[in-house]
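# Observations on the model geometry
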Amino acid sequence: MSKDDYLEYIEIDQAKRFGKPTIKGTRITVTDILEMLASGMTQAEVLDEHPNLLAEQVKAALLYAANQLSGAA
């Protein structure tokens, strides 16, 4: 998945979740997904808990976060 691909799934809207990057069509933020995975949930568990999410959207959140950190280290 390229940057152009993952940006199809991510939006930043000041009227939604205080302008945090969210998965389009949801109120689930990139941070929400990262925190679920960091807490030990598997991708399958995240998808089970949020049936409106797709695996591609979880991957897009990870790639978005990685892109934001690119060059920061």
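Up top you'll find the structure we're talking about.
For clarity, every value in this text was computed on a predicted model and none was experimentally measured. (Residues numbered from 1 in each chain as written. Predicted model: local features only at pLDDT ≥ 70, side-chain atom pairs only at ≥ 80, totals over all residues. Heavy atoms only, no water.)

## Brief notes about the pattern of salt bridges
Counted under the stated rule, the structure contains two salt bridges. Taking the shortest distance from any N to any O, the salt bridge between Glu11 and Lys16 comes out at 2.6 Å. Looking at Glu11, the relative accessible area reads 22%, which means it is partly exposed. Here Lys16 falls in the buried class, since its relative accessible area comes to 18%. (Salt bridge = Lys/Arg side-chain N within 4 Å of Asp/Glu carboxyl O. Buried < 20%, exposed > 50% of the residue type's maximum accessible area, 1.4 Å probe, protein only.)

## Looking at the packing of aromatic side chains
Counted by the stated rule, this structure contains one aromatic pair. When the ring of Tyr6 is compared with that of Tyr64, the centres are 6.3 Å apart and the planes differ by 85 degrees; the resulting orientation is edge-to-face. Residue Tyr6 is located in helix α1 (residues 3-6), and its partner Tyr64 is located in helix α4 (residues 55-69); the two are separated by 58 residues in the primary sequence. Here Tyr6 and Tyr64 have matching classes, each one buried. (Phe/Tyr/Trp six-rings, centres within 6.5 Å; stacked < 30°, edge-to-face > 60°. Helix = DSSP H or I, 4+ residues; strand = E, 2+ residues; numbered from the N terminus.)

## Here we look at the nonpolar core
Most often, soluble globular proteins keep nonpolar side chains buried together rather than apart. Among the nonpolar cores identified, the biggest contains 15 residues, and Ile10, Ile23, Val30, Ile33, Val46 and Leu53 are the most heavily contacted of them. Breaking this core down by element, the ones donating at least two residues are α2 (30-38) and α4. It is α4 that contributes the most residues to this core, five residues altogether. Excluding residues within four positions of it along the chain, Val30 makes contact with Ile10, Pro21, Thr22, Ala61, Tyr64 and Ala65. (Core = buried A, V, L, I, M, F, W, Y, C linked by side-chain atoms within 4.5 Å. Contact = heavy atoms within 4.5 Å.)

## Side note on the side chain of His50
Considering the arrangement of structural elements, one finds His50 in the loop between α3 (43-49) and α4. Those residues in contact with His50 that lie beyond four places of it in its chain are Ile28 and Met36.

## Overview of the side chain of Thr29
Position of Thr29 among the secondary structure elements: in the loop between β2 (21-23) and α2. On the basis of relative accessibility, which here comes to 1%, the residue Thr29 falls in the buried class. In this structure the side chain of Thr29 is engaged in a polar contact, spanning 2.9 Å, whose partner is the backbone nitrogen of Asp32. Filtering out sequence-adjacent residues up to four positions away, Thr29 remains in contact with Arg17, Lys20, Pro21 and Thr22. (Polar contact = N/O pair within 3.5 Å; in protein donor to acceptor, adjacent residues only side chain to side chain.)

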